Each structure stands twice: as C-alpha cells, then as structure tokens.
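# Observations on chain architecture
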Amino acid sequence: SPADAGASWLTSLPLAVLASALLALTIGFFVVRTQGIYFIMVTMAFAQMVYFLFFDNKALGGSDGLYVNVRPAALGLDFENKHVLYYFTLVSMLLVYGFLRRLLWSPFGRTLNGIRLNEHRTQALGYASFSYKLTAFTLAGALAGLAGYLWAAQSGYVNPELMGFHMSAHAIMMVILGGMGNVAGALIGAFGFELFLHFFKDLPKVGEFDLGKHWQLWMGSLIVLVVVVAPQGL
C-alpha cells in the first residue's frame, strides 16, 4: 500500500539537507557571533534545546524516536539493498570530499582560512567575517543533514540521542584524531575512530576483567595520546 511504500530519496534527501541547512542558518546567526569556549557553550545549549524539543514531543517519537519502516528508493536504487546503500554512501562521500576540496581552494575557502588564522586582519582587508562564518556554519549543517539522512537509511530509526552530547563528542574526537582544518584529516579521523572503536569493543576478557566492556577508557586514552604525541592529528 502507499502507506508502506518507501520515500523517494530524490525528494526526501534534498528536503533533509535543506531543513538541516535552514536550522543551521538560524542557530548560526546567534552562534557565530561568539568565539572560543563561548562558541562551544552556545552551540551545546542549542543542541540541548533541540534534543529536549524532540524528547518531550510524542508526535516526533518522544524518547523512543521514529522508525523508518521502509528505506527510500528511486531511479532503480533501493536502499533496502545494503550494497546499493553502501555504494550510494560511498559516492556521496567522494562527491562531498571533492566539493570541499574545491571549495577550500576557491576565494571563499581562502577567505575562511584567513579568518581562521587572523580574523581582525581579514576584516581590515574589507571582508565581512560574520557572513563568511555564517555561510560555513550553514554548509556544515547541510552536510550534517546528508550524513543524518544516510545514517537513518542505514539504521532504520532516529532518536533524540543523535542530538545529545555523545554524538557531538564522537565527531570532535574524529576531528582531533585526523587533524583540524584538513578535509583529508577529517576523513581519516572518521575511519580511524570507527576502526579503533570496533577494535576496543572486541577486546577479550583478561581474567575477570572485561577489556571490551571498558572501551571508553581505551578510546579516551588514545585521544589523549594523539593530542600529546601528534597535536596536528594523524
């Protein structure tokens, strides 16, 4: 029946990216005015607001979240087929990587790099740093929407925990692991984080002590080690 049919990714994917971009634009209007620890705190405050908006709203699934009963399909690409979903995700990753690489070498990307190195000097050259930072923040939100869409298609559900601190902490650890300010570093950091995550979770018992059960301890120790030994990331 139509109620059991999967959504078309041709329409639902752009809508998810657009909705995420609009939300990021709204939040970014307030967030990018801050710097340093204040930027982190205000961003986390908005994240908690959105978290409780979904957590306390039964129409949006409440604490249990929402389930994707049938995965999207269009143009002969059915995400119910795990191989199709894998290669669609792989191609999406490569396209995003190529887009960001091109963007960073464009005048827009060079201006962003200038703001990162010395915002006051960039402003003195006549660049409106607020507009550039807001655009970058909105673009980051759009790409997060793409990632969230593919995550939901893979896992089959979404819940408020995705907007909690743990998911944000994982993203930060990926960036630290790979290296900040580097697209390739973020890619390597994400793959490295997931590989280490599965490795630590699969560690065996040593006597009565379950090494795999305490994977957070080993992951935290690894991140601290990377920060100390290789502060620029892998």
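Overview of the structure. (Residues numbered from 1 in each chain as written. Predicted model: local features only at pLDDT ≥ 70, side-chain atom pairs only at ≥ 80, totals over all residues. Heavy atoms only, no water.)

### Things to note about the overall build of the protein chain
Per the secondary structure count, the protein chain includes nine helices and six strands. For the C-alpha atoms alone, the extent of the protein chain along its principal axes is close to 60 × 55 × 35 Å. By residue count, 28% of the 234 residues in the protein chain fall in the buried class. Sequence-distant contacts in the protein chain: of pairs separated by 6 or more residues, those separated by 24 or more amount to 61%. For the protein chain, the accessible area works out to roughly 15300 Å², and carbon and sulfur atoms hold 69% of it. Seen as two clouds, the 13 positive and the 11 negative side-chain charges of the protein chain have centres 16 Å apart. (Helix = DSSP H or I, 4+ residues; strand = E, 2+ residues; numbered from the N terminus. Buried < 20%, exposed > 50% of the residue type's maximum accessible area, 1.4 Å probe, protein only. Contact = heavy atoms within 4.5 Å. Areas by Shrake-Rupley, 256 points an atom, 1.4 Å probe, with all protein chains shown as cover. Lys, Arg positive; Asp, Glu negative; His and termini not counted. Charge placed at Lys NZ, Arg CZ, Asp CG, Glu CD.)

### With respect to the pattern of salt bridges
Between side chains of opposite charge, pairing is possible as soon as their charged atoms come close. Counted under the stated rule, the structure contains two salt bridges. With a shortest N-O distance of 3.3 Å, Arg71 and Glu80 are connected by a salt bridge. Here Glu80 falls in the partly exposed class, since its relative accessible area comes to 39%. Here Lys133 makes a salt bridge to Glu119, at a shortest N to O gap of 3.1 Å. Taken together, the residues span a long stretch of sequence, with Lys133 in helix α6 (residues 129–155) and Glu119 in helix α5 (residues 119–124) at a distance of 14 residues. (Salt bridge = Lys/Arg side-chain N within 4 Å of Asp/Glu carboxyl O.)

### With respect to helix α9 (residues 215–229)
Because each turn of an α-helix spans 3.6 residues, side chains separated by three or four positions in sequence point in the same direction. The first and last C-alpha atoms of α9 sit 21 Å apart over 15 residues, in line with the 21 Å expected at 1.5 Å per residue. Along its buried surface, α9 packs onto α7 (165–178) and α8 (183–201). (Expected span 1.5 Å × (residues − 1).)

### Digging into the packing of α7 against α9
Taken N-terminus to C-terminus, the directions of α7 and α9 make an angle of 40°; their axes are 10 Å apart at the nearest point. The orientation of α7 with respect to α9, classified from their angle, is oblique. Judged by the twist between their axes, the crossing of α7 over α9 is left-handed. Note on element contacts: α9 touches α7 through Trp215, Met219, Ile223, Val226 and Val227, opposite His170, Met173, Ile176 and Leu177. Of the residues contributing to the contact of α7 with α9, the split by class is eight nonpolar, one polar and no charged. (Axes fitted to C-alpha atoms, helices over the stretch in contact; angles between N-to-C directions. Parallel < 35°, antiparallel > 145°, perpendicular 65-115°, else oblique. Left-handed = near helix turned anticlockwise from the far one by under 90°. Nonpolar A, V, L, I, M, F, W, Y, C, P; charged D, E, K, R; others polar.)

### Concerning the packing of aromatic side chains
Overall, the coordinates contain 17 aromatic pairs when judged by the stated rule. Both rings, one in Tyr51 and one in Phe52, keep their centres 5.0 Å apart while their planes meet at 85°; by these two values the pair is edge-to-face. In this structure Phe52 comes out as partly exposed when scored by relative accessible area, which is 44%. Three or more aromatic residues link up through ring pairs in this structure, and these residues are Phe29, Phe30, Phe46 and Phe130. The residue whose ring lies beneath Arg33 is Phe29, and the NZ or CZ to ring-centre distance is 4.5 Å. Lying over the aromatic face of Trp215, Lys201 brings its terminal NZ or CZ to 4.9 Å of the ring centre. (Phe/Tyr/Trp six-rings, centres within 6.5 Å; stacked < 30°, edge-to-face > 60°. Lys NZ or Arg CZ within 6 Å of the ring centre and 35° of its normal.)

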